[in-house]
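A closer look at the structure
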Amino acid sequence: MTPAARVQAGIEVLDLVIAAARSGGASADRIIADWFRTRRFAGSGDRRAVRELAYGAIRACGEIPASGRAAMLLLARGDAALAALFDGSRHAPEPIGPGEPVAEPGIAPAWLAEALVRSGITGMDAAALLDRAPLDVRINRLKPGKPDLPDKGEPTAAPDALRFPSGTPVEQWGAFKAGQIEVQDTGSQLACLAVEASPGETVIDLCAGAGGKTLALAAAMGGKGRLIACDTDRPRLSRLTPRAERAGAAFIESRLLNPGREAEALADLAGRADAVLVDAPCSGTGTWRRNPEARWRLTPAEVARYAAIQARLLDVAATLVRPGGRVVFVTCSLLDVEGADGAAGFLQRHPAWRADAPDLPAGAPRGAGWRLAPGRDGTDGFFIARFVSP
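Regarding the packing of helix H14 (residues 300-318) against helix H15 (residues 340-349)
Closest axis-to-axis distance for the H14/H15 pair is 10 Å, and the angle between their directions is 45°. The angle between the axes of H14 and H15 places the two elements in the oblique class. In the crossing of H14 with H15, the sense of the turn from one axis to the other is right-handed. Judged by residue contacts, Ala311, Leu314, Asp315 and Ala318 of H14 engage Gly342, Phe346 and Arg349 from H15. In the contact of H14 with H15, the residues fall into 4 nonpolar, 1 polar and 2 charged.

Right, here's the structure in full:
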């Protein structure tokens, strides 16, 4: 593909991403993969260039753009070489016309940018939301010996974390295939540290998903005790079993829950758990470095819906812990409504409980909990709160 043809391809991909964001369709990653699957003529360099153009335009736009061309024109506004490729030649975009619509720059749609400011996310923390995320791995202490890695990586704030550049093919490394390392953001690893899971305890991961945090808890427990991974999403939860086998964490139990009826499926564990991790469904505002188009999919009603789900799951978790046990509330959101406000609401509903904010090696206090932010801490954005039962 010529450089100009790559720009036109990027515009076509952006049109699909914008349509999917408006309709709740596939992610940008899936759209780009599918687009190239039917275009075998494109080489690896073409795929990389088109992807970078598309994601560069997505990150540049605040409001959802009117079209892929409008988004690409915003990117071209500050890049004369890119603007010159709008030349109308074969497979190239048409020349830029006078007064042609150009997308608006910004961190996010206006309502969402304002919500971030009200939640204390400004300056470098706001700007960093649209950087490219590095790739972090966690050394799995359930596997003996030091993993043999082709690149040493850089240590981060988490004790078992190493950081590599974005796109590093760690899943092709022998250490990954042997279960000696797992891909996990440093912020996620620190959230697991807040659980303080210990060998011999009974620990419940109430919203385990595919089990990334479950595996970190298993390593903290040294493979000893009882660890129950729960979720309402069967396909995601089913991915945990092969991951646990590779990681040497076969002691993990899994339970598929019915949405809204979680307590029924966990009745036998009521009042028995030492710790419950509630890594609740959320808006994902702390993960925009990985999924920048996600900010176009959110609405105020959707954020409110997530906050209600989080409150309900926290109340379920409170029934599961023993006296003196702990509930750890985690969201990958930087909005207070899904963080500090949610923690305050829990304490209002459960006045006999007390907050026990974790003192982690990165982050800062926020309300009754702790917050990690990309700009300050170099991690995904997280809110973490810990509550102790009476």
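Following the structure, the description resumes.
Regarding the sheet that holds strand E2 (residues 154-155)
The antiparallel open sheet is built from 4 strands, whose spatial order is E2-E3-E1-E4. Edge strands, defined here as strands with exactly one partner in the open sheet, are E2 and strand E4 (181-183). Where E2 meets strand E3 (residues 161-164), 2 bridges bridge the pair, whose relative direction is antiparallel. Within E3, the residue paired with proline 155 across the bridge is leucine 162.

Structural notes on the nonpolar core
Counting residues in each nonpolar core, the largest one holds 38 residues, and the members touching the most others are Val195, Val203, Leu217, Leu227, Ala249, Ile252 and Ile384. Sort the elements by how many residues they give to this core and helix H10 (residues 212-220) lands first, with 5 residues. Grouped together as the second largest cluster of nonpolar side chains are 32 residues, Val17, Ala21, Ile31 and Met72 included.

Focus: the pairing of strand E1 (residues 135-139)
Along E1, 5 of the 5 residues are buried, which leaves the element largely enclosed by surrounding structure. A two-sided burial pattern is seen for E1, the buried positions comprising Leu135, Val137 and Ile139 on one face and Asp136 and Arg138 on the other. Of the strand pairs in this sheet, E1 and E4 are connected by 3 bridges, and their pairing is antiparallel. Bridged to arginine 138 within E4 is glutamate 182.

Conventions and cut-offs
- Residues numbered from 1 in each chain as written.
- Predicted model: local features only at pLDDT ≥ 70, side-chain atom pairs only at ≥ 80, totals over all residues.
- Heavy atoms only, no water.
- Axes fitted to C-alpha atoms, helices over the stretch in contact; angles between N-to-C directions.
- Helix = DSSP H or I, 4+ residues; strand = E, 2+ residues; numbered from the N terminus.
- Parallel < 35°, antiparallel > 145°, perpendicular 65-115°, else oblique.
- Left-handed = near helix turned anticlockwise from the far one by under 90°.
- Contact = heavy atoms within 4.5 Å.
- Nonpolar A, V, L, I, M, F, W, Y, C, P; charged D, E, K, R; others polar.
- Pairing = 2+ DSSP bridges.
- Core = buried A, V, L, I, M, F, W, Y, C linked by side-chain atoms within 4.5 Å.
- Buried < 20%, exposed > 50% of the residue type's maximum accessible area, 1.4 Å probe, protein only.

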